[in-house]
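# Understanding the architecture of this molecule
Residues per chain are reported as follows:
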Amino acid sequence: MRMRKSALIAALLCCMSMAAQVPVLVQYAWNDSTTAESLKRAFKQWRQKGATGVCLDAGTDCQRIALAARLAHEAGLEYHAWVSTLAQKGLPKEWYTVSRMGQNAGERPVYGAENTTLDPRNREVHKYLARTLEQIAAIKDVDVVQLGYARYAGVMLPQGLSAAYGLTMNGEFAPADYCYCADCTRIFQDATGMDILSVADPSKIAAWAQFRCDALTDLVNELCTIVHAQGKRVAADVWPGPGSDARRMVRQEWEKWDVDAVCPLNYNDFYTEQPSWIGLATREETRAVQGKDVDVYSGLMVCTDWEHKTDGLGTKRAGLVPSQMRDAIVGSITNGAAGVRLYAPEGMTEAHWNAVAQALQEAREAVSDKPLSRAEAAKAKEDVCQEFIASIAPETQKIMKEHAVHVGDRTMRLHWSTFGQAPADGRTLWISLHGGGGVAYREDNIQQWTNQWRLYEPKEGIYLCPLSPVDAWNMWCQADADEFYHKIILMAVAQLGVNPDKVYILGYSAGGDGVWRVGPRMADNWAAASMMAGHPGDVRLENLRNTPFMVWCGANDAAYQRNTLDAERLQELDSLRRDDPEGYVHGGQIVPGMGHWMMRADTAAIPWMEQYRRNPYPKRIVWQQEEVLRPSFYWVSAPKKELARYKQVRLHVEGNTIVLDRCDYSSVTLWLNDELVNLDKRVKVVCKGRTLFDGKLPRTRRNLLRSVLDREDTSYAFPSCVNVKVD
């Protein structure tokens, strides 16, 4: 029995070695008993257990940091110098944040002594932190400067954590709402004309929240510049999100930070969630930095008193027990995390480490770079897509149950009806946008919404009418519209049996305005689109090359020149079609004798659209950025930092050669499958006579997983990719 146990441990350690490509950081703090010998022992043990790096809090003591960093390197570990950026003690009183209640955080911190938060807008704080981090970054063996506590105190806390403090929170907690110091309130008033101290409920003022988010972003980016100048990388501890928690709870818009890595504190017990929640949180986090060169390390809390876990949430009983390590680690890695960081490794038992070893091996296999045959890639795609659909079940079930989608602080209510029998290839989804707009009463837009329920009747499909979350003339042209539609499609695919290649969008009046915008901008999402009685504004139509599009307007609908402008856009589509006869399929009519109401002539759009399916893999693409920037379009991705309105990529496929006819970016990533090119042969990428790539591209499970996570669309799961430098 003892021999079998030894063999098992040896096998697990071997697995850990094989899984070394999945970075595992351990977090530790220098304490009164820490010595060079104790660090050597700990570092050796962690390295043997499979850790690849250590994130150590030695304060700002450069001697301690230098010693620990040297010993970490001797043990074969990467060294992250963890610095409590804004939670510091013993500094000048005027450097600290001030709460809404007038309390100075340096003297009376909320929640306890660890929340002595500095003011990120204070210039003396900037100078102090710049000097400190420059000294730390200059230490030879420091690989990464880790910004801990780069945030305000939690103005809201997750349910489990607030319960641990004996608090019930239904909104912002005024004693934890910082910074109301004289300088910050004056700067805000100078910028906005608003005296925030005279506002009854500052939590309702979006500009005030943004003001503090911007203060953090400015500070972090300044510190990144300083550390990068020393040739070192920067990572930051962040709260989950950023949209779900970090922004509203601690003012972190960390997707805007110039860091090289983030470590979201995905402590599921604080949110009263199961370990499976960690994978969902990680997917949101990796999508937040999609297109940026930023790694995500999922922060996992280890339960140090796990045998008494069920006794209730406390500091020692929060965290993962051995049986939960698998869901946490595999969920993190398969949802896009580059690695994991373990908090409280000194409390980990052999049971914990064995569970970590097994989970890492499973995660490694799930993101394998092993080359696949065409048949193996097809099977892997099927598995990856099934796993993805299963992983989004909790959030899509919530949308279906509530008949509502939430994005930020906005809610979009949904109503849908089902028509016909479900075809073998899946249901059709019709997203139908109502009219109305900047009305005097919310009830007016609700009436328009309920009218839309009965306006069109397809032979088959889910006919879904969203209620605009805002009452404005441009209600369907808001920047967050793309995310709302994306979540609607996810729900319909996962819960209602919709085929993602059979999604159509249409809208009337103000809804038509919205279709003019999202039809071209999100063209790679639609099987077809139809605009009824809307105003085109300054929209461009180039993106519609592969998306059938209809234009309907009454010939007498002269308000805002809708009739003449829509007629001009039809002519523009005619011209595009003449220049590119295989693209720009379109139809519609400027209906004679009709005003804004076309007496249902426009219902002809339904059977016209029904004949089309989305082609996710067109061999000619025209992609132009519009007012809402998107990092991917069909099978092309561009660097997120370079996105700007009107930038273009134009390309086409000739056999096994991809020709970049125009590219306004320094590089692009081309996601490929065997429907686009023959991956068993060499693939060539050329631009203006120059060969950018010429070689074989492997099919891998990692690429399938990366692409489906990036796009959250099973039709965009690609087994191969190539990034080409254009400049």
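Scroll up a little and you will see the structure.
A brief report on the enclosed structure follows. This one's a predicted model, so the numbers in the text were calculated from it and none came from an experiment.

## Thoughts on the environment of arginine 248
One can find arginine 248 in helix 8 (residues 246-250). Under the relative-accessibility criterion, arginine 248 is labelled partly exposed at 39%. Through-space distance from the C-alpha of arginine 248 to that of glycine 554 is 45 Å; in sequence the pair is 306 residues apart. With residues up to four places along the chain from it excluded, the contact list for arginine 248 reads Val155 and Met156. Side-chain polar atoms of arginine 248 contact the side chain of aspartate 245, separated by 3.3 Å.

## Considerations on the side chain of asparagine 115
Within the fold, asparagine 115 resides in the loop between strand 3 (78-84) and helix 4 (123-137). In contact with asparagine 115, not counting residues within four places along its chain, are Ala105, Pro109, Val110, Tyr149 and Ala153.

## Some points on the sheet that holds strand 6 (residues 261-264)
Pairing in this closed barrel of 8 strands is parallel, and the strands run 1-2-3-4-5-6-7-8 around the ring. For this sheet, the mean angle separating the axes of adjacent strands, direction not counted, is 25 degrees. By the bridge criterion, 2 bridges tie strand 6 to strand 7 (residues 295-301) in an arrangement that is parallel. Along strand 7, the bridge assignment pairs alanine 261 with aspartate 295. Contacts from helix 9 (residues 276-288) reach strand 6 and strand 7 within the one sheet, and its direction differs from that of strand 7 by about 155 degrees.

## Some remarks on the packing of aromatic side chains
Under the counting rule described, the total for this entry stands at 23 aromatic pairs. A centroid spacing of 5.2 Å and a plane angle of 65 degrees characterise the contact between tyrosine 180 and tryptophan 208, whose relative ring orientation is edge-to-face. Residue tyrosine 180 is located in the loop between helix 5 (159-164) and helix 6 (182-192), and its partner tryptophan 208 is located in helix 7 (residues 206-229); the two are separated by 28 residues in the primary sequence. On the basis of relative accessible area, tryptophan 208 is assigned to the buried category, the value being 0%. Look at tyrosine 267 and phenylalanine 270: their rings are 5.6 Å apart centre to centre, the planes differ by 80 degrees, and that puts the pair in the edge-to-face class. Judged on exposure class, the residue tyrosine 267 and its partner phenylalanine 270 are both buried. Put simply, the rings of Tyr180, Phe188, Trp208 and Phe211 pair up and form one aromatic cluster. The ring of tyrosine 149 has arginine 151 lying over it, and the distance from NZ or CZ to the ring centre is 3.9 Å.

Reading the values: rules and limits
- Residues numbered from 1 in each chain as written.
- Predicted model: local features only at pLDDT ≥ 70, side-chain atom pairs only at ≥ 80, totals over all residues.
- Heavy atoms only, no water.
- Helix = DSSP H or I, 4+ residues; strand = E, 2+ residues; numbered from the N terminus.
- Buried < 20%, exposed > 50% of the residue type's maximum accessible area, 1.4 Å probe, protein only.
- Contact = heavy atoms within 4.5 Å.
- Polar contact = N/O pair within 3.5 Å; in protein donor to acceptor, adjacent residues only side chain to side chain.
- Pairing = 2+ DSSP bridges.
- Axes fitted to C-alpha atoms, helices over the stretch in contact; angles between N-to-C directions.
- Phe/Tyr/Trp six-rings, centres within 6.5 Å; stacked < 30°, edge-to-face > 60°.
- Lys NZ or Arg CZ within 6 Å of the ring centre and 35° of its normal.

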